[in-house]
Amino acid sequence: MEDFYRIRRLPPYVFEQVNRAKAAARNAGADIIDFGMGNPDLPTPPHVIEKLKETLGKPRTDRYSASRGITGLRRAQAGYYERRFGVKLNPETQIVATLGSKEGFANVAQAITAPGDVVLVPNPSYPIHAFGFLMAGGVVRSVPAEPTPELFEALERAIIHSIPKPIALICCYPSNPTAYVATLDFYKDLVAFAKKHEIFILSDLAYAELYFDGNPPPSVLQVPGAIDVTVEFTSMSKTFSMAGWRMGFAVGNERIIAALARVKSYLDYGAFTPVQVAATAALNGPDDCIREVRETYKKRRDVLVEAFARAGWDIPPPAASMFAWAPLPEAFRSMGSMQFATLMVEKSGVVVSPGVAFGEHGEGFVRIAMVENEQRIRQAARNMRRFLESGVETLHNVIPLANRR
């Protein structure tokens, strides 16, 4: 495979080392507590499941569906944006259903990128934000992930020094992996920047409903005129615990939406129709289930921060998302996030994602996905205590969890 052009452009799979350690520990009988992947463990709301069952087997539902998404689904997404953000969208020209936001990002990269085009991507960032454009033949230029004035200084430098001029800027707030949250004032400045330099904004808003301190994250499309330069991606994976259903959306600028829809028309026939009908029911249904999901993650966040602190690891409480972005404990910072994450698995049975997997500027951190219940989070803290207290010098003497009696 190394001879294939697009494969050569991809870096080695950085999670492989941690995954090997996880597999070895499981094979040895260890009880693995897995905070590695942001894979929701909560059930899909019952009314969504019931709508799926009701639709299965109905006439025509087993046939090819609509690549853009069925009309009712796109209208439901428009309704969600108007209720939640006060943003009016035309479901015919400004909304496309995607097979999750990840697929949406990958295909929009194929739609708008010419070989050598430059795209500005936060570092650290969710991998598809960069790799989607690398696979499309583009060039990635890293900018800071935190929504601060320093980001705009870096963006200005990138515009000046990039040849050719960047075509787009990626943003993701609430952020994966860092859990940073942006304000509407920040988005106003971002839209002004994009318009000034005639570049597009591609916004990942997958975690819009997972916020914990009473401040709902805004959409960049709330900024007047933002739709002139912006496409935003959302997902039902986290909001409705529908990760395996693969249902998301791209909304916004008609030109990009049309390009994405055309690319998708060559690649897929859309999600299974009953899945789209059930997703419509989720968007049009009561939002009690969303509040329950949010409250569950908030409780997990609070337990995580409190239990890990007692174990000797102080973690900043995230204001949103399903992740904690945790600096390596002081005694372990010299070894780097990859070795630390690998040792965590081997010595405590706890899996986290090394920060370097999200870009070189993620070094010194790990990402902790809150996808285990409160009891398991407390158990993880107890497992880690001995590992953290052992110190770097004595790690070779620590007995792996699977071999303890």
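Preceding this section is the structure that the text describes.
None of these values were measured; they are calculated from a predicted model.

1. Here we look at the overall build of the protein
- A count of helices and strands for the protein gives 14 helices and twelve strands.
- Taken over the C-alpha trace, the protein has a radius of gyration of 22 Å; the compact-globule value for 405 residues is 22 Å, and the two agree within 12%.
- Projected onto the principal axes, the alpha-carbon positions of the protein cover approximately 60 × 55 × 50 Å.
- Burial status across the protein gives 57% buried among its 405 residues.
- Sequence separation of at least 24 residues holds for 76% of the intrachain contacts in the protein that already meet a minimum separation of 6.

2. Section: the sheet that holds strand β5 (residues 168-172)
- Reading across the sheet, the seven strands line up as β2-β8-β7-β6-β5-β3-β4 and stay open at both edges, with mixed pairing between neighbours. Among the strands making up the open sheet, the edge pair consists of β2 (95-98) and β4 (139-144). Going across the sheet, the axis of each strand differs from the next one's by a mean of 20 degrees, ignoring polarity.
- Summarising the sheet, strand β3 (residues 118-123) and β5 pair through two bridges and their orientation is parallel. Within β5, the position partnered with leucine 120 by the bridge is leucine 169.
- Where helix α5 (residues 100-112) meets the sheet, its contacts fall on β2, β5, β6 (200-204), β7 (230-235) and β8 (248-252), and the angle it forms with β7 comes to roughly 155 degrees.

3. Considerations on the nonpolar core
- Judged by nonpolar contacts, the single largest core of 54 residues is most densely connected at Tyr81, Leu155, Tyr187, Leu190 and Met236.
- For leucine 155, the residues in contact, after removing those within four places along its chain, are Leu120, Val143, Leu169, Leu190 and Phe193.
- Ranked by size, the runner-up nonpolar core spans 48 residues in total, among them Ala30, Ala311, Leu343 and Leu388.

4. Concerning the sheet that holds strand β11 (residues 353-354)
- Sheet architecture is open: three strands sit in the order β9-β12-β11, paired in antiparallel fashion. Only two strands of the sheet have a single partner each, and these edge strands are β9 (323-327) and β11.
- Bridging between β11 and strand β12 (residues 365-369) involves two bridges; their strand directions are antiparallel. Counted as the bridge partner of proline 354 is valine 366 from β12.

5. Observations concerning the environment of glycine 36
- Structurally, glycine 36 is set in the loop between β1 (33-34) and α3 (46-55).
- Residue class for glycine 36 comes out buried when judged on its relative accessible area of 9%.
- Linking glycine 36 and proline 286, residues 250 residues apart in sequence, is a C-alpha distance of 31 Å.
- Discounting residues that sit within four places of it in the chain, glycine 36 has contacts with Val351, Val352, Ser353, Arg367 and Ala369.

6. Considering unusual backbone geometry
- The linkage connecting asparagine 123 with the following residue, proline 124, adopts the cis geometry, with an omega of 5 degrees.
- Tracing the chain through its elements places proline 124 in the loop between β3 and α6 (127-135).
- Positive phi outside glycine occurs at glutamate 198, with the angle close to 55 degrees.
- Tracing the sequence through the fold places glutamate 198 in the loop between α8 (184-197) and β6.
- Judged by relative accessible area, glutamate 198 falls into the exposed class, the value being 66%.
- Even without glycine at this site, arginine 246 takes up a positive phi of about 55 degrees.
- Looking at where arginine 246 falls in the secondary structure, it is placed in the loop between α9 (236-239) and β8.

Cut-offs and rules
- Residues numbered from 1 in each chain as written.
- Predicted model: local features only at pLDDT ≥ 70, side-chain atom pairs only at ≥ 80, totals over all residues.
- Heavy atoms only, no water.
- Helix = DSSP H or I, 4+ residues; strand = E, 2+ residues; numbered from the N terminus.
- Rg over C-alpha atoms; globule rule 2.2 N^0.38 Å.
- Buried < 20%, exposed > 50% of the residue type's maximum accessible area, 1.4 Å probe, protein only.
- Contact = heavy atoms within 4.5 Å.
- Pairing = 2+ DSSP bridges.
- Axes fitted to C-alpha atoms, helices over the stretch in contact; angles between N-to-C directions.
- Core = buried A, V, L, I, M, F, W, Y, C linked by side-chain atoms within 4.5 Å.

Honestly, that's just the spatial picture; any functional story needs more than this.
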